[in-house]
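So the chains spell out like this:
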Amino acid sequence: MVSGLLETNPAVITIHARTRKKCHLFSSLGTCERAVEIRDSFVDSSGKKSETLIFGNGDVVDLDEC
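Quick caveat: nothing in here was measured; it's all calculated off a predicted structure. Positions within a chain are numbered from 1, following the residues in the order the chain's sequence is written. Restriction of local features to residues with pLDDT of at least 70 applies here, the model being predicted, together with a cutoff of 80 or more for giving and counting side-chain atom pairs; totals for whole chains, interfaces and linings are based on all residues. With hydrogens and water excluded, all non-hydrogen atoms of the structure serve as input to the side-chain values.

Undergrad: Whenever I open this one, the pattern of salt bridges confuses me. Can you help?
TA: Charged atoms that come close allow side chains of opposite charge to pair. Any Lys or Arg side-chain nitrogen located within 4 Å of an Asp or Glu carboxyl oxygen qualifies as a salt bridge. This model, assessed by the stated rule, comprises two salt bridges. Taking the shortest distance from any N to any O, the salt bridge between Glu37 and Arg34 comes out at 3.2 Å. On the criterion of helical spacing, the pair formed by Glu37 and Arg34 is a turn pair, its members being three residues apart in helix α2 (residues 29–41). Given a relative accessible area of 47%, Arg34 falls into the partly exposed group. The salt bridge partner of Arg39 is Asp40, with a shortest N-O separation of 2.7 Å. The cut-offs for exposure are 20% and 50% of the maximum accessible area for each residue type, with area from a 1.4 Å probe on protein chains only; residues under the lower value are buried, those over the upper are exposed, and the others partly exposed. By relative accessible area, Asp40 is classed as partly exposed at 40%. Here a helix means four or more residues in a row that DSSP labels H or I, a strand means two or more in a row labelled E, and each is numbered from the N terminus.

Structure, rendered in structure tokens:
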């Protein structure tokens, strides 16, 4: 899904990775990290790497988790 969004060259993608059912039962950090990995490996049709900011939402306790 993230790679499809990157095709449109957005300035920012915001991800709230937890479902309503999971609520606060687990950390969503791994999902956000995966989105950053996808963004970092993305190259558009002209060969340019994405500069889209990935903004992860939820459960950040301190700056080291950002």
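Undergrad: Teacher, can you tell me more about the confidence of the model for the chain here?
TA: Do not read the predicted coordinates in detail wherever pLDDT is low. Per residue, pLDDT measures the predictor's confidence, with a range of 0 to 100. Averaged over the chain, the pLDDT score is 77; the fraction of residues at 70 or greater is 65%. Model confidence for the chain, summarised as mean pLDDT per element, is weakest for helix α1 (residues 2–6) at 78 and strongest for strand β1 (residues 12–15) at 89.

Undergrad: Explain the pairing of β1 to me, please; I cannot follow it from the model alone.
TA: On a regular strand, one side chain projects to one face of the sheet and the next to the other, so that they alternate. The side-chain alternation of β1 yields one buried face, formed by Ile13 and Ile15, and one unburied face, formed by Val12 and Thr14. We treat two strands as partners when DSSP finds at least two bridges between them. Across four bridges, the pairing between β1 and strand β2 (residues 53–56) is parallel. Paired with Ile13 across the two strands is Ile54, which belongs to β2.

Undergrad: Please explain the nonpolar core as it appears in this structure.
TA: Within soluble globular proteins, side chains that are nonpolar tend to cluster in buried spots. The biggest cluster of nonpolar side chains holds eight residues, and these are Leu6, Ile13, Ile15, Ala17, Cys32, Ala35, Phe42 and Ile54. Of all the secondary-structure elements, those providing two or more residues to this core are β1 and α2. We call a set of buried Ala, Val, Leu, Ile, Met, Phe, Trp, Tyr and Cys residues a nonpolar core when their side-chain atoms join them within 4.5 Å.

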